[in-house]
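# Observations on the three-dimensional arrangement
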Amino acid sequence: MNEQKKGRILLVGAEDEENLAIRYLGAELIRNKNQVKIAGCSDYQRFKNVLDELETFKPDMVAVSMAFQSMAIMFLDLIREIKHVKPEVHITVGGHFPTFEYEKILKYDTVDSVIRFEGEEAISTLIDAMINGENLRNVPNLVYKSPDGSLQENFLLNEFPDLEKLAFPVREDNPQIRLGEKFSTLVSSRGCFHSRCIYCCIGAFHKPKTGPPYALRTPENVAQEMSELYTEKNVRLFQFHDDNFLLPSTKSSYDRLNSLKKSLLKEKVNLDDIALLIKTRPDGLTEEIMVLLEELGTVGVFLGVENASDSGLKSLKRAATMEDVNNSLQLLKKFDIGVTFNLLMFHPRATLDEINENIYFMNKNKDMAFDFGRAEIVAGSPLERLVKRKGLLRGEWPHWDYRIQDDATEKMFRINAITFYRENSSYPELSHKLIALSYRAELLQRFYPGRKARKLKKEAFNLIQNCNEFTLDCLLDIYHMVPETGIEKNIELLNHKMDHNYGVYSKKSGELADRMWRFQLVSKKFQEHGVDDYFQDSRTMGKIFRI
């Protein structure tokens, strides 16, 4: 029996940080003896990099991760250029968006197939079939064009892959630097145990599966990957991208975190020398859980608040209450763990009363970094079905828009869109800078505790609070414009004020991040020589390094 030939696959996806979606695929392809190259592409300026890899690597197949709906047109433009350079190459796309929109995507002549849902088994089977001239009908989760132009939809796998048996994702030789430290992203699970939020496609993505809507890696398996990154690449900062890092019950969360802690110690990972960033629901935090998160080195929690009113939470189907939100914030403050959040205060059923409650909540927590906006439509989500059913859908595929049912709230959202989120507004980037500053301030306290770390942390949160106070003033200005007519001049003046003030805050945040960077570099050197206390306490050193 002849041995099967293997192929060459170019994996393409957005890579502002290591894209685990394509890197898990890459690991499975390599384990199956294929040759793999990864080409990151997050904007049109990166097209040349992808096309250069296409020319030099000469792949048999190009697989494009199209997870983000907002980037779909960009990737379709890239695919057109790939086909222009190499018309014979098979191009397959995958991700959440193509899983639901495969019929529209396959109308493009340049796309040959779509892998729906999980892709590890599908992509390995697909490249084997292509290289060896086999029928594509045996490739799971695949939709492709038959010779007559019709779509062939193959059978779907109705279970999660065994996460224990998957190869760890392909990593770069040199880890990325985030918040001044060597950094890696991880996932310890797939899916979401809640899976009901109206703006999310996760529930729909995993709906065809039998059993629970989420799957877990064992703590031992997670600890092994963290240990490899820690010992072989000196990674200290780990960001978990699980939809929910914690589990449905306090006991299950506690047991899992405790097992992770024990497994990390068994793997010789120094818990004092690592830090974690996680995401979780507000109803998942308790005193016992917080103790373990602190022991594991958690410095930042992105808390799934999403809306600061009980009616808003109900409309978004969050199944959490404002009591849960407030209790979790109190716990995070008590344990001095950094917390950031996002508010989807605009949604189809939003009212001005809800907006008031959200603004009040932001004011009460203005010492925290946050962002706010509208619940946006993603393919496959309950929100997509809701706005279609209510006749609220606007715009063109794939960049859907919709109208909020309450006219006054709709007007406030539209003013918000042409102020805070207008083209060239510095607010969106600044809000992310402030979130990073808040995490970084906590990180300094963990790795380099002392007087100078405390000083930098105080500066960071003073800047965050001052900027948030200005943001709240702008929101109130917009709120007061809602009943008015002839507000064009007011909007122009507000935009001018925003440009000036957010420009100042952006400059200050950049300067503070630079000073934090210098502090980390110098602190590492002093720690290596065992005299970090001298650096922290010395006024002379502070003047020299402007800290």
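The paragraphs below set out a description of the structure included in this document. Here the structure is a predicted model, which means the values were calculated and not measured.

## Notes on the sheet that holds strand β7 (residues 151-153)
- Spatially, seven strands are ordered β2-β1-β3-β4-β5-β6-β7 in an open sheet, and the strand pairing comes out mixed. In this open sheet, the two edge strands, each paired with only one partner strand, are β2 (35-40) and β7. Going from strand to strand, the sheet's axes swing by 20° on average, the running direction of each strand aside.
- Taken strand by strand, helix α2 (residues 47-57) contacts β1 (8-13), β2 and β3 (61-65), and its axis lies near 160° from that of β2.

## Considering the side chain of Thr409
- Mapping Thr409 onto the fold places it in helix α14 (residues 407-417).
- On the basis of relative accessible area, Thr409 is assigned to the buried category, the value being 0%.
- The residues touching Thr409, leaving out its near neighbours within four places in the chain, are Phe346, Ala350, Thr351, Leu352, Ile355 and Ile404.

## Structural notes on the packing of aromatic side chains
- Overall, the coordinates contain 19 aromatic pairs when judged by the stated rule.
- Summarising the aromatic geometry, the rings of Phe346 and Phe413 are spaced 5.4 Å apart at their centres and angled 65° between planes, so their arrangement reads as edge-to-face. In this pair, Phe346 sits in strand β15 (residues 338-346) while Phe413 sits in helix α14, placing the two residues 67 residues apart along the sequence.
- Considering the side-chain rings of Tyr421 and Tyr427, the 5.8 Å spacing of their centres and the 90° angle between planes classify their relative orientation as edge-to-face.
- By relative accessible area, which is 30% here, Tyr421 ends up partly exposed.
- Overall, the relative accessible area of 3% leaves Tyr427 in the buried class.
- These aromatic residues form a ring-pair network of at least three members: Phe372, Phe420, Tyr421, Tyr427, Phe470, Tyr502 and Tyr505.

## Digging into the pattern of salt bridges
- Throughout the structure, instances matching the rule amount to 35 salt bridges.
- Close ionic contact of Glu225 with Arg171 constitutes a salt bridge, the shortest N to O distance being 2.7 Å. Linking Glu225 in helix α7 (residues 219-233) with Arg171 in the loop between β7 and β8 (176-178), this pair joins segments that are 54 residues apart in sequence.
- On the basis of relative accessible area, Glu225 is assigned to the buried category, the value being 2%.
- Arg171 gets classed as buried once you look at its relative accessible area, which sits at 15%.
- Close ionic contact of Lys457 with Glu442 constitutes a salt bridge, the shortest N to O distance being 3.2 Å. Residue Lys457 is located in helix α16 (residues 451-481), and its partner Glu442 is located in helix α15 (residues 427-447); the two are separated by 15 residues in the primary sequence.

Conventions we followed
- Residues numbered from 1 in each chain as written.
- Predicted model: local features only at pLDDT ≥ 70, side-chain atom pairs only at ≥ 80, totals over all residues.
- Heavy atoms only, no water.
- Pairing = 2+ DSSP bridges.
- Helix = DSSP H or I, 4+ residues; strand = E, 2+ residues; numbered from the N terminus.
- Axes fitted to C-alpha atoms, helices over the stretch in contact; angles between N-to-C directions.
- Contact = heavy atoms within 4.5 Å.
- Buried < 20%, exposed > 50% of the residue type's maximum accessible area, 1.4 Å probe, protein only.
- Phe/Tyr/Trp six-rings, centres within 6.5 Å; stacked < 30°, edge-to-face > 60°.
- Salt bridge = Lys/Arg side-chain N within 4 Å of Asp/Glu carboxyl O.

Limitation: the analysis is restricted to geometry and does not speak to function.
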